[in-house]
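What the coordinates show
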Amino acid sequence: MRNKKTLVLGASVKVERMANKAITNLVSKGHSVLAIGQNAGEVSGIKIQTKAIPLKNVDTVTLYLNPSRQRDYYNYIIEASPKRVIFNPGSENPEFMQLLELNNIKSEVACTLTLLATNQY
């Protein structure tokens, strides 16, 4: 399996949150992880940043933000030019998906945890 550098957007230190579980599973599967969330903290050795950080060679952005909170990150993600953006349950956003398509970035409505568990990540 290839290491896919992944940005988890909407990261949380709360263990019951799906974004937290995603970070833990991504790390355990050997992927490089960057994390941005509302509150600073650490999950599985990954520091959660509270502001946009420079992105280079990011394969995947996995979203755990509702559509209204995603707007602040449209340009940030498009400029990073990831191969794909995963819209996890509750983050589906047709407006952003259309923008991604116009910029030749694949969007996927899926669950990162399921993709990892079924070796489809």
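Numbers given for residues are sequential positions, taken from 1 along each chain in its written order. In keeping with the predicted nature of the model, local features appear solely for residues at pLDDT of at least 70, side-chain atom pairs appear and are counted solely at 80 or more, and the whole-chain, interface and lining totals rest on all residues. With hydrogens and water excluded, all non-hydrogen atoms of the structure serve as input to the side-chain values.

With respect to the overall build of the protein
Looking only at helices and strands, the protein features five helices and seven strands. Under the scheme used here, helices are H or I runs from DSSP no shorter than 4 residues and strands are E runs no shorter than 2 residues, and both carry numbers assigned from the N terminus. Helices and strands appear in the protein in the N-to-C order β-α-β-β-β-β-α-α-β-α-β-α. A globule of 121 residues ought to have a C-alpha radius of gyration of about 14 Å, and the protein, at 13 Å, matches this closely. Judged by the C-alpha coordinates and their principal axes, the protein covers about 35 × 30 × 25 Å. Burial status follows relative accessibility: with a 1.4 Å probe on protein chains alone, a residue under 20% of its type maximum counts as buried, one over 50% as exposed, and anything between as partly exposed. Here the protein, with 121 residues, has 47% of them falling under the buried criterion. We call two residues contacting when some pair of their heavy atoms lies within 4.5 Å. Residue pairs in contact within the protein that sit at least 24 positions apart in sequence constitute 55% of those at least 6 positions apart. For the protein, the accessible area works out to roughly 6,600 Å², and carbon and sulfur atoms hold 48% of it. Only four residue types enter the charge count, namely Lys and Arg as positive and Asp and Glu as negative; His and the chain termini do not. Charge positions are represented by NZ for Lys, CZ for Arg, CG for Asp and CD for Glu. Counting 15 positive and 9 negative side-chain charges, the protein places the centres of these two groups 7 Å from one another. In this description the radius of gyration comes from C-alpha coordinates, and the expected globular size is given by 2.2 Å times residues to the power 0.38. For the area figures, the Shrake-Rupley method with a 1.4 Å probe applies, and any residue is considered shielded solely by the protein chains shown.

Section: unusual backbone geometry
For residues that are not glycine, phi is negative in most cases, and the peptide bond is trans in most cases. The backbone phi angle of Asn104 is positive, close to 60°, even though this residue is not glycine. Following the sequence through the fold, Asn104 ends up in the loop between helix H4 (94-102) and strand E7 (106-109). In this structure, Asn119 is a non-glycine residue whose phi angle is positive, near 55°. Relative to the elements of secondary structure, Asn119 occurs in the segment after helix H5 (112-117). Asn119 sits in the exposed class, given a relative accessible area of 65%.

Remarks on the pairing of strand E1 (residues 6-11)
The element E1 is extensively covered by neighbouring structure, given that six of its six residues are classed as buried. By the convention used here, strands pair only if DSSP detects at least 2 bridges between them. Both E1 and strand E2 (residues 33-37) contribute to a ladder of five bridges, which runs parallel. Each residue of the ladder has a partner; that of Leu7, found in E2, is Leu34. Here is how to tell: hold the view so the strands point away, follow the path from the first strand over the helix to the second, and if it runs clockwise the crossover is right-handed. With helix H1 (residues 18-28) bridging E1 and the parallel E2, this β-α-β connection has right-handed handedness. Bridge count for E1 against strand E5 (residues 60-63) is four bridges, and the pairing is parallel. Bridging across to E5, Val8 finds its partner in Thr62.

Looking at the pattern of salt bridges
Salt-bridge detection follows one rule: a side-chain nitrogen of Lys or Arg within 4 Å of a carboxyl oxygen of Asp or Glu. Tallying each qualifying case throughout the model produces four salt bridges. Taking the shortest distance from any N to any O, the salt bridge between Glu108 and Arg84 comes out at 3.4 Å. Linking Glu108 in strand E7 with Arg84 in strand E6 (residues 84-87), this pair joins segments that are 24 residues apart in sequence. The same class applies to Glu108 as to Arg84, namely buried. Across the salt bridge formed by Lys106 and Glu108, the nearest N and O atoms sit 3.7 Å from each other. Since its relative accessible area comes to 17%, Glu108 is described here as buried.

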